[in-house]
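If you want the building blocks of each chain, they are given just below.
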Amino acid sequence: MIFFKPISYVIKKCNKLKVKMYSQNEKSLIWLTMFNELSLLKMKKLINLFPSPALLYENFQTSKSKIIDIVGEATFSKMLSMRDNVLFSYITNLNNKKIICLTVESENYPEKLIHLEEKPLVLFCKGDISLLKTKSIAIVGTRLPSSYGRIVTESFAKSLAQSGLTIISGLAAGVDKISHEQAMANGGKTIAVLGGGFDNIYPAMNKNLADEIIEKALLITEYRPSVSPTQYSFPFRNRIIAALSDGVLITEAGEKSGALHTKNYALEYGKEIFAIPGNINNVKGRGTNRIIKSMQGTCVTSPEDILLKLNINIEKIPVQSVTQVQTTMAEKLILSALEDGEKSLEKLHEITKLETKILNSCLTILQIHGLIRKLPGNMYSL
Amino acid sequence: MLAKTNCFGLKGIDGFRVIVETNISNGLFSFDLVGLADVAVKESVQRIRASIKNSLFEFPLKRITVNLAPANKRKEGPLFDLPIAISVLAADNQILANTISDFVILGELSLSGEIRSVDGVLPILISAQKNGFKKFIIPFENRKEASYISGIKVYPVKTLKQAVDFLNGKQELEFVENVSFENIKKSRKYDFDFKSIRGQAAAKRALEIAAAGGHNVLMIGPPGSGKTLLAKSFASILPEMTFEEALEVTKIHSIAGKLDSQIGILVERPVRTPHHTATMPSLTGGGTKARPGEISLAHNGILFLDEMPEYERRTLEALRQPLEDGIITVSRAAQSAVYPANFTLIASMNPCPCGYFGSNRHNCSCTSTMIHKYLHKLSGPLMDRIDLHVEVDGVTYEEIKNNEDEESSESIRARVNKARKLQYERFKNQKNHCNSKMNNEMLKKTCALDNECENLVKDAFEKLSLSARAYYRILKVARTIADLEESAEIKAAHIAEAIQYRALDQKYWI
C-alpha cells in the first residue's frame, strides 16, 4: 500500500523548500506575468501605484477603482481570482521545470538591465544564471546567411567565444544558430534570449539546440513558458540582447533584417556596434554595409578588432597551433585554384584537369584537414 | 458428349493449369459456365456463340455445361474464349476430340471469329512448358513473345476457323521459329548516351559507381541542371541484361499488357518514370486483381523518381521494403501475388522549394524553415537505402558550346561490366550479386580497412560531422570504387572519394 500524505502537509513542505525562495515582492511581480492582458506598460503603471510590488498584491482589493482604471474590470476580476493558491501552484510549476525567475527586486537581476526604461520585470531563466554577469558580445544577423555570412559568423563566434566573451544571440535560424553552436562547440559560454516562452521554442527545429544551451549555458526570456512568440515579440526582445551585451556584432544582414532592430537598441543604449563588411553586389550584405557607411558602427575584419575595442587582453586568446599538413601535388593544384574565391566542382575539374575520382578524393582529404570547406550547391572554398 | 481442352490462368507472374470441360446433353438450350470465372470470362458466352456462327460452324442448341477446373481458383481475363469455343465444338463432334488434349490453347474471340491478342502469354508458355506441354495455339499477334522459348511448338492462329481446321488436320500451320536473344540484342539502340551530356563530371562519375555496384542514387540540383537527362541516360551504362533477366522482366510486362508486340521481349533494361502524383497502389501494385505496379515493371531496371519530395510520403515509405528485399507482395481481398521488384532507384530533387538554394546563378527566395522542411520530407529510413547523394549544378554556356565529345556510354559500360564481374565472383553463393545488397556479415569480410583507412574514416566523421548511418554506405560505395579499379583492397583514396557522395549527411546545409 502506498501511503499518501495529506495535501496540507505537502504544501507546507513545498513552502519550506521552494516557494520560500521568492520574497513577497518577487512573488507579486511573478504574479503579474500570468496575464496576457497586461503589457509591460500596464504592469509598470500598476507597480507605480504603490511603493513596493508586495503592497500592490496586499492592497489589491482595497484599491479596486485605481486598478480598474488601468487594467479594466474583466482583467481585475481575473487577477483577483488568480491569487494565493493559483499563484502558488504557478510558482511550484515553474520550480518543477527548473525555471529561475529573476525579478527587478531580485538580488541577481542583471545590472545591465536595471537602468533600462523598458526593462523586463521578470526574467525567466533556464541554465547557468551566473553568465549574466560576464563580459559579453551579441552576434546577430540574417536568418538565411550566404556562404560568406556563414563562414565569417563561424570564425568570429569561435574566436570570440574562445577569448572568454559570452556570446549572446536570439536562438533564431541562421546567424543566431551558428553563433550559439560555435560558442558551445569551442568551450565558450552563450546566452540565448527568446521571443516567446520556454514551451514555444521558435523555430521548432532549434529545440535540440535550446536543450543543449539549457544544459551548458543559459536560456532567458521575459515571457512565461506558455506564451507563444508573435511577430512583435521578436524585435522587442532584441532590446534585451542589446542591453545585456557589451557590444553588438552584426555579421551579415540584409536591408530589412531584424538584426537592425538590435543595432538601433544598441545605439540607444550606447553600446559598441561592430559590422563585418559584405559583398556590395550581394543583397545580403546591404544592411551591414549601410551601418559601416553611415558610421553607426565600427567596421571589423578580424575578431581582434573587437577585442581591442572592448579592452580585452588579446594575449588571452589561445594561439591556434597551425599544424603543417603535407599535401600532395593534386591537392596543391586544388588549393591554388581556390585562392581567388569559391569554385564549383565543375570549375575545379576544368582548371585542375584532374580526373573526377582523384578530384573527389582529394577534396575529402582537404576537407578533413580543414584546408577547404564544402558549401551548398557543390561549391568549395578555402 | 464430353470434351476437354487445356488452358492456363495467371496468378502473379506464374501460370496455373486450367482444364476446360464441356458437356453437351439433350434438352432445352442453355449455356452454363461454372468454375469461379470473373465477368470477362462469363461474358465470353456471347462472343463464343457469335464467333462460332460467323465462322460457319454450327452452334449446338442443346444443354451445354462448361466447367473451368480447378474450381477453387479464380479465373480472369478473356484468354479462355478460344479454349471454351474449341471444347464446345469438340463436344459437338465438330472437332476430333483426341487431337486437342496435347495443346494448350489461349485467345480472345471477336464476334466475327477473329482471334485477338491477350496479356500474359509469355509467363503462361513458361509455366506450361514446366508442366510438360509442348504444343500451343496462341493468337497471331502474340507470336513474337513465343519466339524466344526453345523446345516448344507454338502455332499462331488468326481466326477460329483456322484453329479448327488445323486441329482437324485440314490445314497445316507454320509454328513460330526460334529467335536468338543475342541477335535481337545487337539491334537495340539507346535513345540517350553519356556522350551527348556536357560537363557534369561529378554526377557522371556517381552514376558510373551506381551502375557498377547496383547502388541507388539521389541527385540534388537546381531546375534545368540536367538531372532528368542523366537519369535517362543511366540505362545505357548498366550491364546488358542476360536472357534470364530479360525473360523475368518480360513476364511482368506481358501480364501488365505493356509489351511491344513487334519485338515480344524486353531487350533494354526498363526505365520507369512514374509522375509524382502517382498513388501508392500504382507504384507498388494493386487493384482488385493485384496487378504489378511501377516498381515491378522496373524490375532489373531503373525506377526514376523525379522531384522526389513531391511524392506523397506514404507512397515513398512503401518503397522501403521492396528496396530491401527486391520483391513485393501485393495482397488484396480477392487474391495476393508476389512480384519481383529488384530495381535501381534514381531519384532527383531540388535543394529547396524554389530550387536555387546554393546555386551561384540565381538567388534563393526560401526561408531557412522552408528549406529545412523540404529536405526533411524524405525520411531517414528511406535515405538509408540510398547510397549515393550527389549534387548537380547547372551547366555554363561555355560547357554547352564546347564541341568536344565526352566519354561514350559504351566505354563506361565496359568498366561497369568488369566491376560487376568481380562482384559476381565474390558473391557466387549469395542471392544477390552486387555490393549494394551486401549484408553486414559480407561487409565485414569484404570491406576490411587498414589502419590508414580507419583513421581517415574516423577523422571524416569528426571533422565533417557525418551522421552515423553514413558509415556502412561509405564502405559499400568504397568497395565498388575499388572494384572499378580492380583493386582487391579498399584504399584510402577510395574511402575519400566515397565520402564526397554523402552530400546530405554533411551538415553544411542549414
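Residues numbered from 1 in each chain as written. Chains lettered and ligands numbered in written order. Predicted model: local features only at pLDDT ≥ 70, side-chain atom pairs only at ≥ 80, totals over all residues. Heavy atoms only, no water.

## Side note on the overall build of chain A
Next, step 1: Looking only at helices and strands, chain A has 18 helices and 12 strands in total.
Next, step 2: In terms of its C-alpha atoms, chain A occupies a principal-axis envelope of roughly 85 × 65 × 40 Å.
Next, step 3: Each of the 382 residues in chain A was classed as buried or not, and the buried ones make up 54%.
Next, step 4: Contacts in chain A between residues far apart in sequence, at least 24 positions, make up 71% of those at least 6 positions apart.
Next, step 5: Total accessible area on chain A stands at roughly 18,300 Å², and carbon and sulfur atoms take up 53% of it.
Next, step 6: Treating the 47 positive side-chain charges of chain A as one cloud and the 35 negative ones as another, the clouds have centres 5 Å apart. (Helix = DSSP H or I, 4+ residues; strand = E, 2+ residues; numbered from the N terminus. Buried < 20%, exposed > 50% of the residue type's maximum accessible area, 1.4 Å probe, protein only. Contact = heavy atoms within 4.5 Å. Areas by Shrake-Rupley, 256 points an atom, 1.4 Å probe, with all protein chains shown as cover. Lys, Arg positive; Asp, Glu negative; His and termini not counted. Charge placed at Lys NZ, Arg CZ, Asp CG, Glu CD.)

## Some details on the overall build of chain B
Next, step 1: The secondary structure content of chain B amounts to 23 helices and 18 strands.
Next, step 2: Across its three principal directions, the C-alpha atoms of chain B cover 90 × 50 × 45 Å.
Next, step 3: For chain B, the proportion of its 510 residues judged to be buried stands at 56%.
Next, step 4: In chain B, 74% of the contacts between residues at least 6 apart in sequence involve partners at least 24 apart.
Next, step 5: When the accessible surface of chain B is summed, it comes to about 22,000 Å², and 48% of that surface belongs to carbon and sulfur atoms.
Next, step 6: Positive and negative side-chain charges of chain B, numbering 67 and 61 respectively, have mean locations separated by a distance of 5 Å.

## Comments concerning the interface of chain B and chain A
Next, step 1: Across the boundary between the two partners, chain B contributes 35 residues, which contact 29 residues of chain A.
Next, step 2: Around 2,700 Å² of area is buried between chain B and chain A when both sides are counted, 58% of it from carbon and sulfur atoms.
Next, step 3: On inspection of chain B and its partner chain A, the count reaches two salt bridges.
Next, step 4: A salt bridge links A:Lys357 to B:Glu485; its shortest N-O distance comes to 3.2 Å.
Next, step 5: Put simply, the parts of the chain that give the side of chain B that touches chain A at least two residues each are α9 (201-213), α16 (368-375), α21 (451-463) and α23 (492-500) of chain B.
Next, step 6: Looking at the side of chain B that touches chain A, the element that brings in the most residues is α23(B), giving five residues.
Next, step 7: Here the side of chain B that touches chain A is composed, by residue class, of 16 nonpolar, 11 polar and eight charged. (Buried area = accessible area lost by both parts, 1.4 Å probe. Salt bridge = Lys/Arg side-chain N within 4 Å of Asp/Glu carboxyl O. Nonpolar A, V, L, I, M, F, W, Y, C, P; charged D, E, K, R; others polar.)

## Here we look at the pattern of salt bridges
Residue and element names in this part refer to chain B.
Next, step 1: This model, assessed by the stated rule, comprises 32 salt bridges over all chains.
Next, step 2: A salt bridge links Glu294 to Arg272, with the shortest nitrogen-to-oxygen separation between them at 2.8 Å. Of the two residues, Glu294 is situated in helix α13 (residues 294-297) and Arg272 in strand β11 (residues 271-272); the sequence distance between them amounts to 22 residues. The same class applies to Glu294 and to Arg272, which are both buried.
Next, step 3: Put simply, Glu317 and Arg320 hold a salt bridge, and the shortest N to O gap is 2.5 Å.
Next, step 4: Members of the salt-bridge network, linked through shared partners, are Arg205, Glu208, Glu407, Arg415 and Glu497.

## Details of the packing of helix α5 (residues 64-71) of chain A against helix α6 (residues 73-81) of chain A
Residue and element names in this part refer to chain A.
Next, step 1: α6 packs onto α5 with a crossing angle of 120° between their chain directions and a minimal axis gap of 7 Å. When the interaxial angle is binned, α5 and α6 end up oblique. α5 and α6 meet at a crossing whose hand is right-handed. Packed against α5, whose contacting residues are Lys64, Ile67, Ile68 and Val71, the element α6 presents Glu73, Thr75 and Phe76 at the interface.
Next, step 2: Of the residues belonging to the contact of α5 with α6, the class tally is four nonpolar, one polar and two charged. (Axes fitted to C-alpha atoms, helices over the stretch in contact; angles between N-to-C directions. Parallel < 35°, antiparallel > 145°, perpendicular 65-115°, else oblique. Left-handed = near helix turned anticlockwise from the far one by under 90°.)

## Notes on the packing of helix α16 (residues 329-337) of chain A against helix α18 (residues 356-368) of chain A
Residues and elements named next belong to chain A.
Next, step 1: For the pair α16 and α18, interaxial distance at closest approach is 10 Å and the crossing angle is 80°. Judged on the interaxial angle alone, α18 and α16 are roughly perpendicular. Judged by residue contacts, Ala330, Glu331, Ile334 and Leu335 of α16 engage Ile358, Leu359, Cys362, Leu363, Ile365 and Leu366 from α18.
Next, step 2: Of the residues contributing to the contact of α16 with α18, the split by class is nine nonpolar, no polar and one charged.

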